[in-house]
Amino acid sequence: MAYDVIIIGAGPAGIFTALTLAESGVGNVLLLEQGKDLAGRERGRREDVLSGWGGAGAFSDGKLTLSPEVGGFLGEFLAPDALDALLAATDARYVAHGAPAEVFGEQSPGLEELADQARLADLKLIPSRIRHIGTDYCPRVLERFRSSMAGKVEVRTGCRVAEIRVEGGRASGVALESGELLPCRFVVAAPGRSGAGWMKDQAGALGLQTQASPVDIGVRVELPGAVLKRITDLTYESKFIYYCRTFDDKVRTFCMNPYGEVVTEWHGGITTINGHSYADRRGENTNFAILVSSAFTEPFDDPIGYGRYIARLANFLGGGAMVQRLGDLLAGRRSTPDRIARCLTRPSLREATPGDLSFVFPYRHLLGIIEMLQALEKVAPGVYSRHTLLYGVEVKFYSNRIQVSPEMETGVENLFTVGDGAGITRSLIQASASGVLAARAVADRVRAG
Ligand SMILES: Cc1cc2nc3c(=O)[nH]c(=O)nc-3n(C[C@H](O)[C@H](O)[C@H](O)COP(=O)(O)OP(=O)(O)OC[C@H]3O[C@@H](n4cnc5c(N)ncnc54)[C@H](O)[C@@H]3O)c2cc1C
């Protein structure tokens, strides 16, 4: 039997594609996911972190970033009003499936004042509206999405697609790793970060136009929640942008977690750093990332490889994640267990090895991070304290960007690609919204016969 639509990947992008198709009355839809079903996934298990029903979103912090300027490139395909409407409709579906009603960071006089202060410190504040589901509630919301499509979409987990099939310049089905061939009229590939390498190979084999993305490398900063309280009370997640005086590199804050914790992530052989926060549990520290963006020019075209190389160096020296007091970094000495024990900021990630990040980062990255901390000190006194902790390495690998139409269709007819794996988005909400865009176009064509 041929399916109308096969969706590859059950992350937010694939799930929203499926939900939208089901709501549009497209009945013959198959959703394939290489990882486990939600109930079988375990947070502590490396292979479950990025893969399985819910994708990387299942164990994410669940911050729905509602401002169109951040979290992806959908603004390049849609007019501002259309994008606002799409994000609002996508967000509403999260709320209908159990995301909390509260939105942080709505415009307030305090925010204007903060933006002015930021300008004086050479920083740009990006106002960011956020709905926070919380790591503890994400699986529940995803479970409700699963129930909503029950009986309307066929879902197979533990099922890896080996290859997208094309005949006569048009998508014709997929081949599974098991050898099974599944014919269909439309393919929507939503493989996420964990499937980015696979997607790159598919793009190469099918002759799809791609473009390398920059790689963002930096540290996770941890400090007492009180230092950023004024800002996190106002915006929950503040995004500041700074341009390094020496190199003019773009440096930004990312993923701020008020009263959250620092965690490690496993990326196919390397340990990297991340952070998250719970909706119901409150720690004593706030953490956020400082990331330096690097884009490379010819002949080098492997930014992901570069990011992995830096992260591997931190693992090589520290045996895994590394932590250093800012005071030690500035004094040119490593942090030791004794020095960390004397630190007024108590590390929430206990397993990080006290070390020396100056052995890990290239000069331009280290300088960008230090300059950013100095600038932040002007809007939040206490950031540039000796007791601020820096964890390395946090890396954001962005997939090669695949050229698509505003409907998310690739150069191959009836082959669509959406979400982070296509390099089009970088967040839950935009990944989900890109799935809606593809599904609307596919539903129109299925109805047209
Ligand atoms: C720890 C962590 C915290 C995060 N926190 C936030 C946050 O608070 N807010 C936010 O907006 N974003 C957050 N993100 C990012 C967010 O999770 C992603 O932007 C989002 O999940 C992307 O959705 P996606 O559907 O494109 O891809 P994914 O969620 O990565 O899903 C892709 C799915 O496709 C499957 N797949 C891949 N290849 C194949 C194949 N060949 N065959 C079958 N299946 C395949 C994968 O197993 C995976 O399950 C976080 C990410 C991580 C890792």
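Below: a short report on this structure. Computed from a prediction, not measured in an experiment: that's the story for all the values here.

Around the ligand lies a shell of 43 residues, among which Gly9, Gly11, Gly55, Gly192 and Gly419 are the nearest. Elements with a contribution of two residues or more to the shell around the ligand: α1 (12-23), β3 (63-65), β15 (270-276) and α12 (428-448). Residue classes in the shell around the ligand are distributed as 14 nonpolar, 21 polar and 8 charged. When residues of the shell around the ligand are assigned to domains, at least three map to each of domain 1 (3-98 + 133-211 + 400-448) and domain 2 (215-396).

Core analysis: the largest hydrophobic core is formed by 129 residues, its most contacted members being Val5, Ile7, Val187, Val188 and Tyr391. In terms of residue count, the dominant contributor to this core is α12 (10 residues). A domain split of this core shows at least three residues from each of domain 1 (3-98 + 133-211 + 400-448) and domain 2 (215-396). Look past the residues within four positions of Val187 in its chain and what remains in contact with it is Ile6, Ile8, Ile164, Ala171, Val174, Asn414 and Leu415.

Attention now goes to the pairing of strand β12 (residues 239-243). Two faces, one strand: in a regular strand the side chains alternate between the faces of the sheet. Pairing of strand β4 (residues 124-126) with β12 involves 3 bridges; the strand directions are antiparallel. Among the inter-strand pairings, Ile126 is bridged to a residue of β12, identified as Lys239. Here β12 runs beside strand β13 (residues 250-257); their pairing, made up of 3 bridges, is antiparallel. Bridge pairing in β13 links Tyr243 to Lys250. In textbook terms, the turn of a hairpin is the stretch between consecutive antiparallel strands, and for β12 and β13 this stretch comprises 6 residues, one of which, Asp248, has a positive phi near 65°.

About the thresholds
- Residues numbered from 1 in each chain as written.
- Predicted model: local features only at pLDDT ≥ 70, side-chain atom pairs only at ≥ 80, totals over all residues.
- Near = placed C-beta within 6 Å.
- Helix = DSSP H or I, 4+ residues; strand = E, 2+ residues; numbered from the N terminus.
- Nonpolar A, V, L, I, M, F, W, Y, C, P; charged D, E, K, R; others polar.
- Domains from an automatic or database assignment.
- Core = buried A, V, L, I, M, F, W, Y, C linked by C-beta atoms within 7 Å.
- Buried ≥ 20, exposed ≤ 12 C-beta atoms within 10 Å, placed from the backbone.
- Contact = placed C-beta atoms within 7 Å.
- Pairing = 2+ DSSP bridges.

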